[in-house]
Amino acid sequence: MQRPAVLTGEKVYLGRLALEDVPTITQHTANLELTTYLRGEGLVLGVEGTRAWVESTLKDTPDTVTLAILNFKHELVGAVDLRGINYQHGTSDLGIALYNPAHWDRGYGTEAVKLILAYGMYHHNLYNVMLKVFSFNPRAIRAYQKVGFREIGRRTGAICLGGRRFDEVFMEITRNDVHLEKSAMFRIPLEE
Ligand SMILES: CC(C)(COP(=O)(O)OP(=O)(O)OC[C@H]1O[C@@H](n2cnc3c(N)ncnc32)[C@H](O)[C@@H]1OP(=O)(O)O)[C@@H](O)C(=O)NCCC(=O)NCCS
């Protein structure tokens, strides 16, 4: 489904989620590999839970920005968010999921993170954005490193799967690491 683009990159664009996305999201969140990367859990939201979540993203909530990731065939690729935005201190957490494994490893995730980061830092004056990722997810860690995130610590053994313990890795990026002036999507002059 084609929809207005909020932020446009070279491989993907970001726009609003829509209720029409619910079946696609529900189909892909049945994939245990995906849900394990996201929450270290098995089954997650069903149709009703997914619908409620999509509806929540359409409401104006000051502390969360959630956007759909679409490719230029206008296919829903995933969703990316800034959550827990603190306007006093300019901090936020970031989350992302590309739903279909066929869309992984094509650079979509890296670009989507760059787009929403630049948006958050430019429009919401964010200074520090943090994320958490499981140590058994090297694809995500590599994608975040490509954007400029660096590891700042680990919660050792915080995830237990199949009797094995894995770390929760904490990563951050600051405004000083992001070159907004190189963000092609901004046509707004950054200096007078
Ligand atoms: C994590 C995610 C957002 C990354 O987006 P993506 O579009 O797949 O990532 P990119 O293609 O931009 O980059 C992936 C990088 O990881 C590398 N990679 C893939 N598998 C790897 C592995 N097993 N070990 C090390 N690196 C790996 C790729 O080669 C690529 O690096 P390169 O460009 O230097 O070659 C996406 O894969 C995703 O949503 N996965 C499922 C949900 C998830 O894990 N969400 C994040 C939870 S914290």
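Residue positions are given per chain, counted from 1 along the sequence in the order it is written. Under the rules for a predicted model, residues below a pLDDT of 70 receive no local features and side-chain atom pairs below 80 are neither given nor counted, while totals for whole chains, interfaces and linings still include all residues.

### Let's talk about the pairing of strand β8 (residues 164–174)
On any regular strand, side chains alternate: one points to one face of the sheet, the next to the other face.
Next up, step 1: Pairing between strand β6 (residues 128–134) and β8: 7 bridges, direction antiparallel. Its bridge partner lying in β8, V129 is registered against I173.
Next up, step 2: Where strand β7 (residues 150–161) and β8 come together, 8 bridges link them in antiparallel fashion. Across the sheet, residue I159 finds its bridge partner in β8, namely F166.
Next up, step 3: Strands are labelled as partners when DSSP assigns at least two bridges between them. Helix numbering and strand numbering both begin at the N terminus, where a helix is a DSSP run of H or I of at least 4 residues and a strand a DSSP run of E of at least 2. As consecutive antiparallel partners, β7 and β8 are separated by 2 residues, and within that stretch G162 has a phi angle of approximately 55°, a positive value.

### A word on the pairing of strand β2 (residues 12–15)
Next up, step 1: As paired strands, strand β1 (residues 7–8) and β2 are joined by 2 bridges and run antiparallel to one another. Opposite T8, over in β2, you have Y13 as the bridge partner.
Next up, step 2: Hairpin connection between β1 and β2: a loop of 3 residues separates the two successive antiparallel strands.
Next up, step 3: As paired elements, β2 and strand β3 (residues 64–71) share 4 bridges and run antiparallel to each other. From the neighbouring strand, G15 faces β3, where its bridge partner is A68.

### Details of the packing of helix α4 (residues 108–123) against helix α5 (residues 138–147)
Next up, step 1: In this analysis an axis means a line fitted to C-alpha atoms, helices contributing only their contacting stretch, and an angle means the value between N-to-C directions, from 0 to 180 degrees. α5 packs onto α4 with a crossing angle of 45° between their chain directions and a minimal axis gap of 9 Å. By the angle between their directions, the pair α4 and α5 is classed as oblique. Judged by the sense of rotation from one axis to the other, the crossing of α4 with α5 is right-handed. Facing G109, T110, V113, K114 and L117 of α4, the residues of α5 in contact are A143, K146 and V147.
Next up, step 2: Gly is put with the polar residues, along with every residue not named as nonpolar or charged; the nonpolar set is Ala, Val, Leu, Ile, Met, Phe, Trp, Tyr, Cys and Pro, and the charged set is Asp, Glu, Lys and Arg. Its residues placed into classes, the contact of α4 with α5 shows 4 nonpolar, 2 polar and 2 charged. Geometric relationships in this document are graded by angle, where less than 35 degrees denotes roughly parallel, more than 145 denotes roughly antiparallel, 65 to 115 denotes roughly perpendicular, and other angles denote oblique. What makes a crossing left-handed is the near helix being turned counterclockwise from the far one by less than a right angle; a clockwise turn instead makes it right-handed. We call two residues in contact whenever the C-beta atoms placed from their backbones are within 7 Å.

### Let's talk about the site of the ligand
Next up, step 1: In the vicinity of the ligand, 21 residues are found, and the nearest of them are Y37, G109, T110, P138 and R142.
Next up, step 2: Within the residue set of the shell around the ligand, elements represented by two or more residues are α2 (32–39), β5 (91–98), α4 and α5.
Next up, step 3: Per element, the largest residue contribution to the shell around the ligand is 5 residues, and it comes from α5. Nearness here is judged by the C-beta atom: place it from the backbone, and if it falls within 6 Å of a molecule or strand, the residue counts as near that partner.

### With respect to α5
Next up, step 1: With C-beta atoms placed from the backbone, a residue is buried if 20 or more other C-beta atoms are within 10 Å of its own, exposed if 12 or fewer are, and partly exposed between those counts. Burial in α5 covers these residues: A140, A143, Y144 and V147. Across the axial projection of α5, the buried residues extend over an arc of 95°, all falling on one side. The exposed set on the far side of α5, more than 90 degrees from its buried face, consists of P138 and R142.
Next up, step 2: Buried positions along α5 lie against α2, α4, β6 and β8.
Next up, step 3: Once α5 ends, the next one or two residues include G148, with phi positive near 125°. Here, the arc refers to the directions that run from the helix axis to the C-beta atoms.

### Notes on the sheet that holds β3
Remark on secondary structure: sheet strands pair via backbone hydrogen bonds, oriented parallel or antiparallel.
Next up, step 1: The strand order across the open sheet built from 8 strands is β1-β2-β3-β4-β5-β6-β8-β7, with neighbouring strands paired in mixed fashion. Strands at the two margins of the open sheet, each flanked by one partner only, are β1 and β7.
Next up, step 2: Along the sheet, α5 contacts β6 and β8; its crossing angle with β6, the most-contacted strand, is approximately 160°.

### Points about the environment of T174
Next up, step 1: Relative to the elements of secondary structure, T174 occurs in strand β8.
Next up, step 2: Each C-alpha atom of the pair T174 and H124 lies 13 Å from the other, and the pair is 50 residues apart in sequence.
Next up, step 3: Beyond its immediate sequence surroundings of up to four residues, T174 is in contact with Y127 and N128.

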